[in-house]
Amino acid sequence: MIISFQLDVPATSNVGQDTTMARHSLAQLPNEESTNSAQHLKLCFNGSSLRKAQSKGYVTFSLTDGPEYHISQVANAVLVAKHLGATLVLPDIIGSEGEKRGFEEIYDAERFMSSMSGVVQVERRNHPDSFMQRLVSVKVPYNANPGYIMTHVDPLFRATRNVRVITYFPSVTMQAGRVDKDMSPYSCWATFEALRLKPELQEVVNSIVGRLKSHGPDRQFVAVDYKGEMLGTSTCRSNANKGMKNCYNPVEIAQFFQRIGYPQYSTIYVTQSEPGHSLRSLKDLYPNTLTKEDIMQEAEKGGLLKSKLEQELIDFHLCSVSDVFVPAKSGLFYANVVGNRIASGKTDILVPAQITSNLAQDHVSSYISKRSHPAYACFCQ
């Protein structure tokens, strides 16, 4: 499977009945009734129905960069371990700034291990130096097909019984046959069942959600994934004929909200780390625009905002549970947030495309309007 990262919305979207935005008034946020009707979907694959196999060796890996990468890295490592018949070693975490954490510092280890029961065996990182000396690292494309794993990974595994999987994301020019078009059942299960924040972190996220909902008269909030630094070194490319760009700035986002009729006092959460000058145009039109610094209590700021990893975790989970999600940039963050939202039935995802339509339904993400997101293959209707 190759994930498309283009923020593409057709000039005339054909929004199916599975999307909730088509039912909303186009000049207001979704109402409470429509939000409450969102239901978690059921995975077609039941991991607990599988028999446990005897382990033939070990697969290790690390969770690197931000949480959007963690989901894909876990899914890929589980996939490799399953096809090799190996035991998966609980990963460590290396943040985007090089900070190192134990898995249990961020995620619920017991939940992870129990969710993998019947899929692959999982052990905690508890091996002597001799174990690490036999370790061979191998780069594996995300969602590699069984043939690729058996050809490129299995020989190394047979020789050492110990491989370290480094996940990378193949480009669209990659030759056919290396990755599966759809997610495998094992990848689906790992993507949507394995990773949960540890209870203390989940409580912080839940608390922030509650405060955001209390800020506006509608008790709703929109999450906008915009970070000024993510646009600092790149140019927003566009295709005017198709109404597409790969990123949008605060001025364009504010104009987009005005065009589709969002009320002035809607609560808008922006993933920008600090308010700064770049958000002034959005705050001028929508004064209830908030960042982490605006919404978090002092005790939480001292404990969480010191680390970029925790900041990224908060952003990722707030964008996953918000009433409406607006991505300002294409990429893996956008793709995996959408996957989480599809799983929970929160399919209100709008892209501020260049098309001039003032109808919200014409701006629904094509991941939803065209059901093109790979997550759809994981769930039974």
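Residues numbered from 1 in each chain as written. Predicted model: local features only at pLDDT ≥ 70, side-chain atom pairs only at ≥ 80, totals over all residues. Heavy atoms only, no water.

Trainee: An account of helix 7 (residues 185-194) is needed here, citing residue identities and associated values.
Mentor: Buried residues dominate helix 7, accounting for eight of its 10 residues. Buried-residue contacts for helix 7 involve strand 1 (42-43), helix 2 (67-84), helix 4 (109-115), helix 14 (332-344) and strand 16 (379-380). (Buried < 20%, exposed > 50% of the residue type's maximum accessible area, 1.4 Å probe, protein only. Helix = DSSP H or I, 4+ residues; strand = E, 2+ residues; numbered from the N terminus. Contact = heavy atoms within 4.5 Å.)

Trainee: Could you give an account of the sheet that holds strand 10 (residues 222-225), with specific residues and numbers?
Mentor: Judged by pairing direction, the sheet is parallel, and its four strands sit side by side in the order 14-13-10-15 without closing on themselves. Of all strands in the sheet, those with a lone pairing partner are strand 14 (289-290) and strand 15 (324-327), marking the two edges. For strand 10 and strand 15, the ladder comprises four bridges, and the chain directions are parallel. Opposite Asp-225, over in strand 15, you have Pro-327 as the bridge partner. (Pairing = 2+ DSSP bridges.)

Trainee: Residues and numbers for the pairing of strand 8 (residues 136-141), please.
Mentor: Sheet topology note: the strand 8/strand 9 (residues 162-168) ladder contains six bridges and is parallel. Pairing of Pro-141 across the sheet is with Tyr-168, part of strand 9. Viewed along the sheet, the connection from strand 8 through helix 6 (residues 146-160) into strand 9 turns out right-handed. (Right-handed = clockwise from strand over helix to strand, strands pointing away.)

Trainee: Break down the packing of aromatic side chains for me, with residues and values.
Mentor: One pair of aromatic rings is described through two measures. These are the centre distance and the angle between the planes. A full pass over the atoms with the stated rule returns 10 aromatic pairs. Taken together, the aromatic side chains of Phe-256, Phe-257, Tyr-262 and Tyr-286 make up a single cluster linked through ring pairs. Lying over the aromatic face of Phe-333, Lys-227 brings its terminal NZ or CZ to 4.7 Å of the ring centre. (Phe/Tyr/Trp six-rings, centres within 6.5 Å; stacked < 30°, edge-to-face > 60°. Lys NZ or Arg CZ within 6 Å of the ring centre and 35° of its normal.)

Trainee: Describe the state of the cysteines, and please don't skip the residues or the numbers.
Mentor: Going through the model one piece at a time under the given rule, you end up with two disulfides. There is a disulfide in this structure between Cys-44 and Cys-380, and the S-S distance comes to 2.2 Å. With Cys-44 in the loop between strand 1 and strand 2 (58-60) and Cys-380 in strand 16, this residue pair connects regions lying 336 residues apart in the sequence. Judged by its relative accessible area of 43%, Cys-44 falls in the partly exposed class. A sulfur-sulfur separation of 2.0 Å characterises the disulfide bridge that pairs Cys-188 with Cys-378. Residues Cys-188 and Cys-378 are joined by a disulfide whose S-S torsion is about -75°; by sign, that bridge is left-handed. With Cys-188 in helix 7 and Cys-378 in the loop between helix 15 (366-369) and strand 16, this pair connects stretches of sequence that are 190 residues apart. Exposure class is identical for Cys-188 and Cys-378. Each is buried. (Disulfide = S-S within 2.5 Å.)

Trainee: Any details on the pattern of salt bridges? Residues and values, ideally.
Mentor: Applying the stated criterion across every chain yields a total of nine salt bridges. Arg-111 is the partner of Glu-193 in a salt bridge, and the nearest nitrogen-oxygen pair spans 2.9 Å. Taken as a pair, Glu-193 in helix 7 and Arg-111 in helix 4 lie far apart in primary sequence, 82 residues in all. Among the ionic contacts, a cluster of salt bridges with common partners joins Glu-104, Glu-110 and Arg-124. (Salt bridge = Lys/Arg side-chain N within 4 Å of Asp/Glu carboxyl O.)

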